[in-house]
Amino acid sequence: MDWLQRMNLAIDYIEDNLEHDIDYEQIARIAVCSVYQFQRMFSFVIEMPLSEYIRRRRLTLAAFDLQDKKNRVTDIALKYGYETPESFSRAFHNLHGMTPTSARQAGSRLKAYPRLSFQITLKGVAEMIYRIEVREAFQVYGLEDVYGMDTIANGEGVSIPEVWQNISNNGEFDRLEQSVIGDWRAEGHFSHELGAVFAFDSYKFTSNTTFPYLIGCYKSAQSKADGYTVVDVPASSWAVFSTLNDGNGSGKYDLSALRNRIFSEWLQTSKYNIIDGGNFEMYCTNQDGYEYCELWYRIEEK
C-alpha cells in the first residue's frame, strides 16, 4: 500500500468518527507512521494542523444539522464533542461568524469545509535534489522547549520564529555560539556550526499535540554544554534537502515550500519512510557567502 492510499484511509477513519472520539494513535497505525509524523506530514502538505481540519469538518457538519430545526443546539453540541452549548457556540461563532441560533435563519451565510482527499497532482517537472547520508550516533545540546503542533509554545502564544528572535535579542544565541569548541568538519560530522534540532525522544511527549524543539549545536568533546539540554541522536541514515537549489538569493529560502514538496512529492515516490528520533534544520553559509538551509530527515527503507 502506497503513501497516498494510507493517507486517504486515515482520512476515511477521521470522517467516520467526526461524531465520536478520534484516536490519534489509530490514525497513525492506519498511515503506518507515528502520531507525530502524521501530524507533521498533514500540516506540511495541507498547511493546516490536523486538529484544525477536524474542528472545521465538525463545525461544517454542525451547520448542516442546524438547518433542521428539530435538532436541538444542545444535542448538536454533544454530537460533535462539545461539553457545553456555550463552548459549542463560541467555536461555531469563531468559524462561521454567527451563533448557532442565528445560523437557523433563512439566508444565513455559512462556511463549508469539504472532506479532504489526497490525490496525485501533476506539478510540472521541477527537480528535487537530495542526498543520502549515513551518520554514527552523536549528541547535540542547546535550548529546548515543548511546543504545540500549531507551533505555539506552552500556551504562552510565542511562535518558534519569535523564540529565535528572542534568543538573538537577549544574547542567548551568542552565548550558544561561543560554547562551540572544536571543528565539526574535523570530527567528520557536519560542516555547520549551529542548527535547529527537532528532538523526538518519545518520553518527552506529554500528549499527541506537543513536541520538543531544540535550538542547538553539535556536541564535541570540548563543547561547553553545561546548563544546556543534551540529546542523544542515534546512528541513522538521513535524507538531506537543501534550499541552495531554490535560486531565490541569499537568505530568501522558503522552508515551508520545501517541506511541502518533501512530503507531497519525494516521500510518495521514494523507497524510504521518514522516522522519529531527531530531524534537523541546519543553517549554513557556503564559501561564496550564500546563506541557505538544509533539512535532515531520519529515514529507513520501506
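The preceding data block contains the structure.
In this text, all values refer to a predicted model and were calculated from it rather than measured experimentally.

A. Main features of the packing of helix 3 (residues 35-46) against helix 10 (residues 255-269). For the pair helix 3 and helix 10, the least separation of the axes is 8 Å and the interaxial angle reads 105°. The angle between the axes of helix 3 and helix 10 places the two elements in the roughly perpendicular class. Between helix 3, through Q37, M41, F44 and V45, and helix 10, the contact on the second element is made entirely by R259, N260, F263, S264 and L267.

B. The pattern of salt bridges, seen in detail. Following the criterion strictly, the structure yields 15 salt bridges and no others. When the shortest N-O distance is used, the salt bridge between R115 and D12 registers 2.1 Å. Here D12 lies in helix 1 (residues 3-16) and R115 lies in the loop between helix 7 (100-103) and strand 1 (130-135), a separation of 103 residues in the sequence. Judged by its relative accessible area of 42%, R115 falls in the partly exposed class. For D12, a relative accessible area of 28% gives the class partly exposed.

C. Representation of helix 6 (residues 85-96) within the structure. Taking 1.5 Å as the rise per residue, helix 6 with 12 residues should run 16 Å; its terminal C-alpha atoms sit 16 Å apart, in good agreement. Among all positions of helix 6, only S87, F88, A91, F92, L95 and H96 are buried. Here the buried residues of helix 6 occupy an arc of 140° about the axis, which is enough to place them on one side. Those residues of helix 6 that are exposed and angled more than 90 degrees off the buried face are R90 and N94. Where helix 6 is buried, its residues meet helix 4 (50-66), helix 5 (73-79) and helix 7.

D. Representation of the packing of aromatic side chains in the model. Taken as a whole, this structure holds 17 aromatic pairs when the rule is applied. For the pair F38 and F42, a centre-to-centre distance of 6.2 Å together with 35° between the ring planes defines the contact as tilted. On the criterion of helical spacing, the pair formed by F38 and F42 is a turn pair, its members being 4 residues apart in helix 3. Residues F38 and F42 agree in their burial class; the two are buried. Ring geometry for Y130 and W266: centres 5.4 Å apart, planes at 70°, overall edge-to-face. Of this pair, Y130 sits in strand 1 while W266 sits in helix 10, and the two are 136 residues apart along the sequence. A relative accessible area of 40% places Y130 in the partly exposed class. Its relative accessible area of 6% is what places W266 among the buried residues. Among the aromatic residues, those joined into a cluster by ring pairs are F44, Y130, F241, F263, W266, Y272 and Y297.

The rules behind these values
- Residues numbered from 1 in each chain as written.
- Predicted model: local features only at pLDDT ≥ 70, side-chain atom pairs only at ≥ 80, totals over all residues.
- Heavy atoms only, no water.
- Axes fitted to C-alpha atoms, helices over the stretch in contact; angles between N-to-C directions.
- Helix = DSSP H or I, 4+ residues; strand = E, 2+ residues; numbered from the N terminus.
- Parallel < 35°, antiparallel > 145°, perpendicular 65-115°, else oblique.
- Contact = heavy atoms within 4.5 Å.
- Salt bridge = Lys/Arg side-chain N within 4 Å of Asp/Glu carboxyl O.
- Buried < 20%, exposed > 50% of the residue type's maximum accessible area, 1.4 Å probe, protein only.
- Expected span 1.5 Å × (residues − 1).
- Arc of directions from axis to C-beta.
- Phe/Tyr/Trp six-rings, centres within 6.5 Å; stacked < 30°, edge-to-face > 60°.

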